[in-house]
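Listed below, chain by chain, are the residues.
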Amino acid sequence: MFRRVLVANRGEIAVRIIRALREMNITSVAVYSREDKNALHVRLADYRVCIGEGSARASYLNMNSIIAAALNYNCDAVHPGYGFLSENAEFAQMCADFGLTFIGPSPELIASLGSKTAARKLMMDAGIPVVPGSSTPFASAQEALPEARRIGFPVMIKAAEGGGGKGMRVCRDESSFTEAFTIAQQEAVNAFGSADLYLERLLEHCRHVEVQILADRQGNIRILGERDCSIQRNHQKVIEESPCPVLSEETRAAMYADARRAAEVSGYYSAGTIEFLVDPEQNHYFLEMNTRLQVEHGVTEITTGCDIVQEQIRIAADEPMRIAEDIRPRGHSIECRINAEMPEQNFTPSPGTITAMHLPGGNGVRVDTAVYTGYTVPAEYDSMIAKIIVCADDREAAIQRMRTALDETLILGIDTNLDYLYKILETDAFKEGRADTSFLQVFTQGGHL
Ligand code: MV4
């Protein structure tokens, strides 16, 4: 097992990983930007290394600084968390080149599953249902237009090297196709450095349901349940829950079988998530596979009792997984992401100093955060400052528990989306489990649900 691991991240996920390491008696090394010198993860780690100025590019994305820190502190492995370098195949390779274990899948797996068209093709060939669309990328609108006609409008234009919704555009008819394609291409080049796009039929009123898996290098695969992540704003998840309130048992079983199959045909190992879209007729379609730990992993930890981060570390160290083969999630879990933002000002970020705060607790309430009274939320990074995760016997009780937890939460000195989250939980659509991928747009524009 590793003796010392460098945590190449910040905020709540760095704290989460440091806790997992401490419980395993593994020494932790934190890296931080000058801006983060007072951050909680820096205080909790056993060692800490300043790796650069405030901007992410100069610090948490600076591969050379991170590798140098890991080598100078005699680390055995690097945990990338999520975001930043967590799906960067070049970084994973660089770790291997310097004798460091990257806690995640291989660089080859990151690269192959990071190509959305290659992943779709792999799943199609394995007989896994995939969102209807193209399996090869296009570099120009005129090349893509015949395919768009074959698929049938409305279509979704997506970045082949993208993911998570960046560079995604809906095109409802042929007359706007060239313009939509060109704009999506510009976004894809800016975000991923690749102009390759692919097309899918737009599935309206569907659910975004992802299956959490853990797989080791001996071919053992564990399915840890699913998470409904349909409530997203600008492709940022806002509320996630498990289990998905609309899945039938047979659809759930079919999705788990396809998730297992996806892990088998790709030779996947580490923690991973297979994303599906589920249409109103309970048809599920493979969307993409995430080769990293996700923000919302706690929703699955609270219903399974499994520590996904510790299992991920064991897998990377070639130690056996502790999780039982017949693991079955229990109860209902909901997560709300707390952001330092102003919903009434079009969600403008609201950095600043937290002058007072009180976080919720009680049975089945978990808060993952790195903020504290007196902490200054920096403007440089993502606006998420905490995750409140609750678990109860059934969905109704979980909603009640989450409302109670949100009501109890106090964060003064900055603006947050607490009231916005509370209002979502109050809607009939959410309470009745009818919130699909179109819900939040309608809700946020003040539509009646
Ligand atoms: C889709 C889709 C409908 N049809 N693809 C993919 C990445 C994720 N962030 C959003 N994704 C979607 N891909 C096709 N062909 C619906 C979503 C989607 C979504 C889209 C718009 C607004 C909110 C959404 C929430 C979840 C999923």
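These figures come from a predicted structure and were not determined experimentally.

1. Things to note about the overall build of the chain
Across its full length, the chain holds 15 helices and 22 strands. In terms of C-alpha radius of gyration, the chain reaches 21 Å, essentially the compact-globule figure of 22 Å for 449 residues. The C-alpha extent of the chain, read off along each of the three principal axes, is 60 × 50 × 45 Å. Excluding contacts between residues fewer than 6 apart, the proportion of contacts in the chain whose partners are at least 24 apart in sequence is 65%.

2. Brief notes about the nonpolar core
Of all hydrophobic cores here, the largest spans 58 residues; its most connected members are F2, I213, L214 and F286. Per element, the largest residue contribution to this core is 6 residues, and it comes from helix α1 (residues 11–23). Each of domain 1 (4–103) and domain 3 (207–445) gives at least three residues to this core.

3. Examining the side chain of R222
Positionally, R222 belongs in strand β10 (residues 221–233). For the buried R222, no salt bridge exists, and the shortest N-O distance to an oppositely charged side chain is 4.6 Å, to E325. Looking at R222, its side chain comes within polar contact range of the main-chain oxygen of A324, at 3.4 Å.

4. Section: unusual backbone geometry
Cis geometry is found at the peptide bond from F153 to P154, where omega equals 0 degrees. By secondary structure assignment, the location of P154 is in the loop between α7 (141–151) and β6 (155–159). Residue P243 is reached from S242 by a cis peptide bond, and omega for that bond is -5 degrees. With respect to the secondary-structure elements, P243 resides in the loop between β11 (236–242) and α9 (249–266). Phi is positive for N25, close to 55 degrees, though the residue is something other than glycine. Within the secondary structure, N25 is located in the loop between α1 and β2 (27–33). Classification of N25 as exposed rests on a relative accessible area of 71%.

5. As for the site of the ligand
Taken together, the neighbourhood of the ligand is formed by 18 residues, with K158, E200, R201, L203 and Q232 sitting nearest. Residue K158 places a side-chain N or O atom 3.0 Å away from a nitrogen atom belonging to the ligand. Note that a nitrogen atom of the ligand is positioned 3.0 Å from one of the backbone N or O atoms of L203. In the complex, the protein chains occlude 93% of the 530 Å² of accessible area that the ligand would expose alone. Looking at the shell around the ligand, the elements with two or more residues in it are β6, β8 (197–201) and β10. Partitioned by chemical class, the residues of the shell around the ligand number 7 nonpolar, 8 polar and 3 charged. Shared between two domains, the shell around the ligand holds at least three residues of each, these being domain 2 (132–201) and domain 3 (207–445).

6. Thoughts on the environment of D97
Along the chain, the position of D97 falls in helix α4 (residues 89–97). D97 sits 129 residues away from E226 along the chain, and the two C-alpha atoms are 35 Å apart.

7. Points about the sheet that holds β10
Pairing is antiparallel across the open sheet formed by 8 strands, whose spatial order is β13-β12-β9-β10-β11-β14-β21-β19. Where the open sheet ends on each side, the last strands, each with one partner, are β13 (284–290) and β19 (365–369). Pairwise comparison of adjacent strand axes, ignoring direction, gives a mean angle of 25 degrees for this sheet. Pairing analysis gives 9 bridges linking strand β9 (residues 207–215) to strand β12 (residues 270–278), with the strands arranged antiparallel. Across the sheet, the residue bridging to R207 is V278, located in β12. Here helix α10 (residues 297–304) sits on the sheet in contact with β9, β10, β11, β14 (332–339), β19 and β21 (384–392), set at roughly 25 degrees to β21.

8. Focus: the domain arrangement of the chain
For the chain, the domain assignment lists domain 1 (4–103), domain 2 (132–201) and domain 3 (207–445). A C-alpha centroid distance of 23 Å is found between domain 1 and domain 3. With both chains or domains summed, domain 1 and domain 3 bury close to 2,300 Å², and 58% of this area falls on carbon and sulfur atoms. The interface formed by domain 1 and domain 3 contains 4 salt bridges. Between E87 and R292 there is a salt bridge, with the nearest N and O atoms lying 2.7 Å from each other. Across the contact surface, domain 1 and domain 3 share 13 residue pairs in polar contact (both at pLDDT 80 or more). Breaking the side of domain 1 that touches domain 3 down by element, the ones donating at least two residues are α1 and α2 (40–44). Tallying contributions element by element places α1 first for the side of domain 1 that touches domain 3, with 9 residues. Grouping the constituent residues of the side of domain 1 that touches domain 3 by class yields 14 nonpolar, 11 polar and 8 charged.

9. Quick word on the pattern of salt bridges
For the structure on display, the rule yields 32 salt bridges. With a shortest N-O distance of 2.8 Å, E249 and R252 are connected by a salt bridge. Highlighted residues: E249 and R252, both in helix α9, separated by 3 residues, approximately one helical turn. A residue is classified by how much of its surface remains accessible, and R252, at 11% relative accessible area, is buried. Shared partners join several salt bridges into a network, and the residues in it are E210, R227, K237, E240, E275, E296 and R337.

10. Some details on the packing of aromatic side chains
Under the counting rule described, the total for this entry stands at 10 aromatic pairs. Ring geometry for F347 against Y420: centres 4.9 Å apart, planes inclined by 75 degrees, an arrangement best described as edge-to-face. Placement of the pair is F347 in the loop between β15 (341–342) and β16 (348–349) and Y420 in helix α13 (residues 418–426), with a sequence separation of 73 residues. Just as F347 is buried, Y420 falls in that class too. The ring of F430 has R395 sitting right over it, with the charged end atom 4.7 Å from the ring centre.

Calculation rules
Residues numbered from 1 in each chain as written. Predicted model: local features only at pLDDT ≥ 70, side-chain atom pairs only at ≥ 80, totals over all residues. Heavy atoms only, no water. Helix = DSSP H or I, 4+ residues; strand = E, 2+ residues; numbered from the N terminus. Rg over C-alpha atoms; globule rule 2.2 N^0.38 Å. Contact = heavy atoms within 4.5 Å. Core = buried A, V, L, I, M, F, W, Y, C linked by side-chain atoms within 4.5 Å. Buried < 20%, exposed > 50% of the residue type's maximum accessible area, 1.4 Å probe, protein only. Domains from an automatic or database assignment. Lys, Arg positive; Asp, Glu negative; His and termini not counted. Salt bridge = Lys/Arg side-chain N within 4 Å of Asp/Glu carboxyl O. Polar contact = N/O pair within 3.5 Å; in protein donor to acceptor, adjacent residues only side chain to side chain. Near = heavy atom within 4 Å. Areas by Shrake-Rupley, 256 points an atom, 1.4 Å probe, with all protein chains shown as cover. Nonpolar A, V, L, I, M, F, W, Y, C, P; charged D, E, K, R; others polar. Pairing = 2+ DSSP bridges. Axes fitted to C-alpha atoms, helices over the stretch in contact; angles between N-to-C directions. Buried area = accessible area lost by both parts, 1.4 Å probe. Phe/Tyr/Trp six-rings, centres within 6.5 Å; stacked < 30°, edge-to-face > 60°. Lys NZ or Arg CZ within 6 Å of the ring centre and 35° of its normal.

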